[in-house]
Amino acid sequence: MKMQKALKEKIPVCRDRVKQMLREGGSLKISDISVRHLFSGIRGLDLLIGNVSYVDPYEGIHFRGHSVSDILQILPKPKGCKSPYAGGMYYLLMTGDIPTLQDALEVEDEWKTRAEIPTYVVNMLQAMPKNTHPMTMLSQAILALQADSKFDEGYNNGLQKLDYWQATLEDSLNLTAKTPALAAAIYNIKYRDRKLVSADPNLDWSANFGHMIGKGWDQHYQELCRLFFGLHADQGTGNVSVHTACLVNSTLSDVYYSCSAAMNGLAGPLHGRANQDCLIWLLGILKKFGSLPTKEQLKDYVWETLNRGKIIPGYGHAVLRNTDPRFTAQLKFGKAYMADSKLFKLVEMVYEVVPHVLTKHGKAKSPWPNVDAISGTLQYQSGLKEFDFYTVLFGVGRMLGITANLVWSRAIMLPLERPQSITLDMVEQKIAELKVKKAFVVSEA
Ligand code: CMX
């Protein structure tokens with residue numbers, strides 16, 4: 001496979017770069033930590049290595065240096081379509097190179113050979129109680145696949161550290177290949193007739209998900225799947241889902257353990273569940289007003305939400321300080337396919353109103369929409385109305401970025417993550433010591 005060959009060439013070069021960086025700058029200080037950082041989720045500190053993507057606070061995500069609008073232009077697409085193949089996105093995330101159409105299709109074909117999910121996983125999903133959240137099902141299904149981990153097998157048979165990345169890549173290809181089928185199985189078991197639909201060999205990874213949940217005829221939905229999965233693929237290494245996976249993987253737990261843990265983090269309302277919560281919030285508005293509210297009514301509703309101590313889902317971000325380009329890309333999609341729908345119009349209205357209110361409210365560091373402010377609406381309007389499933393869709397896309405990060409973590413042999421923790425007493429003591437020191441320096445001067 002060309003992707004694997006490219007990695008084989010690039011990894012030794014990167015390893016040398018890391019050695020060089022450590023030789024030349026190993027003791028240089030690049031970040032300062034304050035007491036406030038300790039109590040604010042260590043935001044804003046350059047603490048992690050993640051080569052796959054980078055989030056610029058104002059420009060948003062850059063996948064291997066390419067902005068959202070760039071990747072939508074340059075990645076190969078099926079003929080006549082606007083959204084790129086996930087296979088091309090994976091090639092880019094893994095190698096850093098822009099794939100040709102052939103490169104993208106090679107990844108798509110490779111996935112097809114690995115896509116089948118074992119019967120025991122389906123049986124397990126079918127045996128789960130009906131009220132199980134689909135994210136729990138996804139996390140469990142990924143974990144169940146661990147039995148087939150190539151990394152685990154290799155490790156038990158003396159795999160060398162230099163080769164860990166290869167077994168991690170094998171697991172990554174196997175897991176990502178199966179992910180649309182896993183998600184579709186969960187959907188069919190939970191919301192349809194519990195029967196599974198086989199993949200269509202003529203469809204790509206993303207479109208096949210649509211096919212396997214009974215929307216194979218719907219080209220618009222296939223287009224949405226490609227867009228949705230691509231946009232959700234990564235968001236820097238510090239976001240909870242990717243970072244959780246990297247942390248777990250740093251213990252040499254394999255891709256399955258790591259990705260299952262990542263999905264548990266993604267399930268939270270402050271992370272991937274915001275798309276579900278946002279849609280519920282929007283539908284609540286339409287229900288309350290019986291139709292689209294006026295701007296004044298909407299403004300009052302937003303204040304009401306905030307005054308009840310609630311957050312506005314889909315708005316704000318830990319890193320972004322501007323409208324998320326992933327929101328903008330989806331807005332464009334909505335304008336093309338569902339401009340007349342009330343729900344979509346409401347999304348546009350909310351975008352006009354909420355940033356002003358949040359700014360006035362004065363708490364959120366960013367009043368702008370993130371990816372989740374619209375993604376649920378596009379799904380809902382496209383007929384996928386089971387909104388507790390939306391985070392699973394986020395997870396399907398995110399699996400691409402997570403696994404690319406894991407391959408690279410093993411490629412550059414990042415060690416066990418183990419930050420030191422200090423107690424509250426120690427923080428107080430450090431503050432007292434530093435205050436005395438500062439007073440001394442001032443009085444000396
Ligand atoms: N509505 C109301 N209040 C908000 C807010 C919002 N959308 N966003 C932030 N705030 C509040 C925070 O709750 C916090 O309040 P407290 O000081 O009382 O705790 C304050 O503003 C400061 O928060 P912040 O530094 O701006 O934001 P954080 O980095 O702590 O959190 C995020 C970021 C995304 C969790 C937060 O903006 C939020 O809760 N947004 C709504 C949920 C959401 O859309 N999450 C999805 C993010 C994207 C993703 O990962 O999927």
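Remember, predicted model here, so these are calculated numbers, not experimental data.

Because side chains alternate across strand 1 (residues 53-56), one face comprises the buried residues Ser53 and Val55, and the other comprises Tyr54 and Asp56, none of which is buried. As paired strands, strand 1 and strand 2 (residues 60-63) are joined by 4 bridges and run antiparallel to one another. Residue pairing in the sheet places Val55 in a bridge with Ile61 of strand 2.

In the vicinity of the ligand lie 20 residues, with His271, Tyr315, Lys363, Lys365 and Asp372 positioned nearest. Interatomic distance of 2.8 Å between a side-chain N/O atom of His271 and an oxygen atom of the ligand. A distance of 3.0 Å separates an oxygen atom of the ligand from a polar atom in the side chain of Asn370. When isolated, the ligand has an accessible area of 880 Å², and the protein chains bury 76% of it. For the shell around the ligand, the residue count by class is 11 nonpolar, 5 polar and 4 charged.

In this section: the sheet that holds strand 1. If you walk across this open sheet you meet the 3 strands as 1-2-3, and the pairing is antiparallel. In this open sheet, the two strands that pair with only one neighbour each are strand 1 and strand 3 (66-67).

It is worth spelling out the packing of helix 7 (residues 134-144) against helix 19 (residues 390-411) at this point. Packed helices, taken two at a time, are described by the angle their axes make and the gap between the axes. The interhelical angle for the contact between helix 7 and helix 19, taken along N-to-C directions, is 35°, at an axis separation of 9 Å. Residues Pro134, Met135, Leu138 and Ile142 of helix 7 touch helix 19, and the partners they reach there are Thr391, Val392 and Met399. Here the contact of helix 7 with helix 19 is built from residues that sort into 6 nonpolar, 1 polar and no charged.

Its location among the elements puts Ser366 in the loop between helix 17 (342-361) and helix 18 (372-381). Of the polar contacts made by the side chain of Ser366, one reaches the backbone nitrogen of Trp368; its length is 3.3 Å. Dropping the residues within four chain positions of it, Ser366 is found in contact with Gly316, His317, Leu320, Arg321 and Asn322.

Right, let's get into the environment of His232. Along the chain, the position of His232 falls in the loop between helix 11 (219-231) and helix 12 (240-249). With relative accessibility at 0%, the residue His232 sits in the buried group. In the structure, His232 is positioned 163 residues away from Gly395 in sequence and 8.0 Å away in space, judged by C-alpha atoms. Residues within four places of His232 in sequence aside, it is in contact with Val371, Asp372, Ser375, Phe394, Gly397 and Arg398.

For the rest of this paragraph, the subject is the domain arrangement of the protein. Under the domain assignment used here, the protein contains domain 1 (1-24 + 46-270 + 388-445) and domain 2 (274-381). On a C-alpha basis, the centres of domain 1 and domain 2 stand 27 Å from each other. Listed as interface residues are 29 residues of domain 1 and, on the opposing side, 25 residues of domain 2. In total, domain 1 and domain 2 occlude about 2300 Å² of area from one another, counting both sides; carbon and sulfur atoms represent 64% of this. Area buried by domain 1 at its contact with domain 2 is led by His220, Leu224 and Tyr390, which between them contribute 26% of it. Inspection of the domain 1/domain 2 interface yields 0 salt bridges. For the interface between domain 1 and domain 2, the tally reads 8 residue pairs in polar contact (both at pLDDT 80 or more). At the level of secondary structure, the elements contributing two or more residues to the side of domain 1 that touches domain 2 comprise strand 1, strand 2, helix 3 (68-74), helix 11 and helix 19. Per-element accounting of the side of domain 1 that touches domain 2 gives the leading share, 7 residues, to helix 11. When its residues are assigned to classes, the side of domain 1 that touches domain 2 shows 16 nonpolar, 7 polar and 6 charged.

Conventions we followed
- Each residue is numbered by its place in its chain's sequence as written, counting from 1.
- pLDDT decides what is reported in this predicted model: residues at 70 or higher carry local features, side-chain atom pairs at 80 or more are listed and counted, and totals for whole chains, interfaces and linings draw on all residues regardless.
- Calculated side-chain values reflect all of the structure's heavy atoms, with hydrogen atoms and water omitted.
- Each residue is placed in one exposure class: buried if its accessible area under a 1.4 Å probe, protein chains only, is under 20% of its type's maximum, exposed if it is over 50%, and partly exposed if it falls in between.
- Helix and strand definitions here come from DSSP, where helices need a minimum of 4 consecutive H or I residues and strands a minimum of 2 consecutive E residues; each element is numbered from the N-terminal end.
- The pairing criterion is simple: DSSP has to find at least two bridges between the two strands.
- It suffices for a single heavy atom of a residue to lie within 4 Å of a molecule or strand for the residue to be listed as near it.
- Here a polar contact is taken to be a pair of N or O atoms separated by no more than 3.5 Å, where protein atoms must pair a possible hydrogen donor with a possible acceptor and residues adjacent in sequence count only if both atoms sit in side chains.
- Only the protein chains shown count as cover for residues, and the accessible areas themselves come from Shrake-Rupley with a 1.4 Å probe.
- Each residue is assigned to one of three groups, with Ala, Val, Leu, Ile, Met, Phe, Trp, Tyr, Cys and Pro labelled nonpolar, Asp, Glu, Lys and Arg labelled charged, and all others, Gly among them, labelled polar.
- Orientation is described by axes fitted as lines to C-alpha atoms, over the contacting stretch for helices, and by angles from 0 to 180 degrees between their N-to-C directions.
- Should any heavy atoms of two residues lie within 4.5 Å, those residues are considered in contact.
- Domain start and end points were adopted from an automatic or database domain assignment.
- Buried area adds together the accessible area that both of two parts lose upon being put together, with accessible area traced by a 1.4 Å probe.
- The salt bridge definition used is simple: a Lys or Arg side-chain nitrogen within 4 Å of an Asp or Glu carboxyl oxygen.

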